[in-house]
Amino acid sequence: MFFKRPVNINFITILAVVIFLAVFAVASGCAAMNISEEVNTVGHQFNDLRAGGDDNAVAGWGIVITGFAGLTGVMLVVLCWTVAITLAVIAALLFIPLLTARLVYRNTGGRLLAYRIIMGVEYFFLSLFALMLLGMVAGNVLSVVILLPFSLIIIAIIVLNMVNTYSDRIKRY
């Protein structure tokens, strides 16, 4: 009976997207912390090479290569934290109206109208996220294989939930 109610289907399908985004945000944050530890190791090696005081060309190239590796690692840490924070904010922007709409829902009257309005805001945010994903799909195979199916699944969820929300199906059960 729980999964037959359209309001519960709406809640669970969007909640699955929110949970996926939150898990990916946590994974990105963990990756950033792991990379940060490696960058610290490279930084210590860089300082050891610099403090060695050797005036030969090999030590100079070692300093250049180690510095480049450390700088690349720092940029990767910043990228991972940016992805983690962005996904966490998107997950929060999707979860807050979703939970509010579910708590407001009643079968009749003004609460049904409030549910439909709040879910309209939810569909707007979810549509922006789907458009952002579609905008990131480039010509490379990885983005087409990962981002395109995920964005199409989100669009299908939006369409299914909008049919459930704005039709008389929402009043069943």
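A brief report on the enclosed structure follows. Quantities reported herein were computed from a predicted structural model and do not represent experimental measurements.

For the rest of this paragraph, the subject is the overall build of the protein chain. Scanning the protein chain from N- to C-terminus turns up four helices and zero strands. Secondary structure elements of the protein chain occur, N-terminal to C-terminal, as α-α-α-α. Principal axes of the C-alpha set define a box for the protein chain whose edges measure 80 × 35 × 25 Å. When each of the 173 residues of the protein chain is scored for burial, the buried share is 30%.

By the secondary structure assignment, T13 is in helix 1 (residues 6–51). At a separation of 2.9 Å, a polar atom in the side chain of T13 contacts the main-chain carbonyl oxygen of I9. Those residues in contact with T13 that sit more than four places away from it in its chain are I157 and N161.

This next bit is on the packing of aromatic side chains. Each aromatic ring pair is specified by the distance between its two centres and by the angle formed by the two planes. Applying the stated criterion to the full structure yields five aromatic pairs. Ring centres of Y105 and Y115 lie 5.1 Å apart, and the angle between their planes is 70 degrees; on these two criteria the pair is classed as edge-to-face. One end of the pair, Y105, is in the loop between helix 2 (57–104) and helix 3 (109–136); the other, Y115, is in helix 3, and ten residues separate them in sequence. The class of Y105 is buried, set by a relative accessible area of 3%. An aromatic cluster is built from F20, F129 and F150, whose rings are joined through pairwise contacts.

A few words on the environment of A16. With respect to the element layout, A16 can be found in helix 1. Judged by its relative accessible area of 43%, A16 falls in the partly exposed class. Expressed as a C-alpha distance, the spacing of A16 and N40, which sit 24 residues apart in the sequence, is 36 Å.

Axis separation between helix 1 and helix 3 bottoms out at 13 Å; the angle between their running directions is 35 degrees. Read as a crossing pair, helix 1 and helix 3 show a hand that is left-handed. Contacts between helix 1 and helix 3 involve V7, N10, I14, V17 and L21 on the former and, on the latter, Y115, M119, E122, Y123, L126 and F129. Here the contact of helix 1 with helix 3 is composed, by residue class, of nine nonpolar, one polar and one charged.

On to a nonpolar patch on the surface, then. Taken together, the side chains of F124, L128, L131, L134, L152, I155, V159 and V163 make up a nonpolar region of the molecular surface, amounting to roughly 690 Å² of accessible area. Mapped by element, the contributors of at least two residues to the nonpolar patch are helix 3 and helix 4 (141–166). With respect to the secondary-structure elements, V163 resides in helix 4. Classification of V163 as partly exposed rests on a relative accessible area of 38%.

Moving on, we come to the side chain of E122. Mapped onto the secondary structure, E122 falls in helix 3. The side chain of E122 is buried and forms no salt bridge, while R102, the nearest opposite charge, is found at 13 Å. Non-local contacts of E122, meaning those with residues more than four positions away in its chain, are made with I14, L93, L94, P97 and L98.

Following both chains from N to C, one finds helix 1 and helix 4 inclined at 155 degrees, their axes separated by 9 Å at the closest point. Looking at the two axes, helix 1 sits roughly antiparallel to helix 4. Between helix 1 and helix 4 the crossing geometry is left-handed. Residues P6, I9, N10, T13, I14, V17 and F20 of helix 1 pack against F150, I154, I157, L160, N161, N164 and T165 of helix 4. Looking at the contact of helix 1 with helix 4 residue by residue, the classes come out as nine nonpolar, five polar and no charged.

Basis of the calculations
Residues numbered from 1 in each chain as written. Predicted model: local features only at pLDDT ≥ 70, side-chain atom pairs only at ≥ 80, totals over all residues. Heavy atoms only, no water. Helix = DSSP H or I, 4+ residues; strand = E, 2+ residues; numbered from the N terminus. Buried < 20%, exposed > 50% of the residue type's maximum accessible area, 1.4 Å probe, protein only. Polar contact = N/O pair within 3.5 Å; in protein donor to acceptor, adjacent residues only side chain to side chain. Contact = heavy atoms within 4.5 Å. Phe/Tyr/Trp six-rings, centres within 6.5 Å; stacked < 30°, edge-to-face > 60°. Axes fitted to C-alpha atoms, helices over the stretch in contact; angles between N-to-C directions. Left-handed = near helix turned anticlockwise from the far one by under 90°. Nonpolar A, V, L, I, M, F, W, Y, C, P; charged D, E, K, R; others polar. Patch = residues over 30% accessible without salt bridge, like charges linked within 9 Å, V, L, I, M, F, W, Y side chains within 5 Å. Areas by Shrake-Rupley, 256 points an atom, 1.4 Å probe, with all protein chains shown as cover. Salt bridge = Lys/Arg side-chain N within 4 Å of Asp/Glu carboxyl O. Lys, Arg positive; Asp, Glu negative; His and termini not counted. Parallel < 35°, antiparallel > 145°, perpendicular 65-115°, else oblique.

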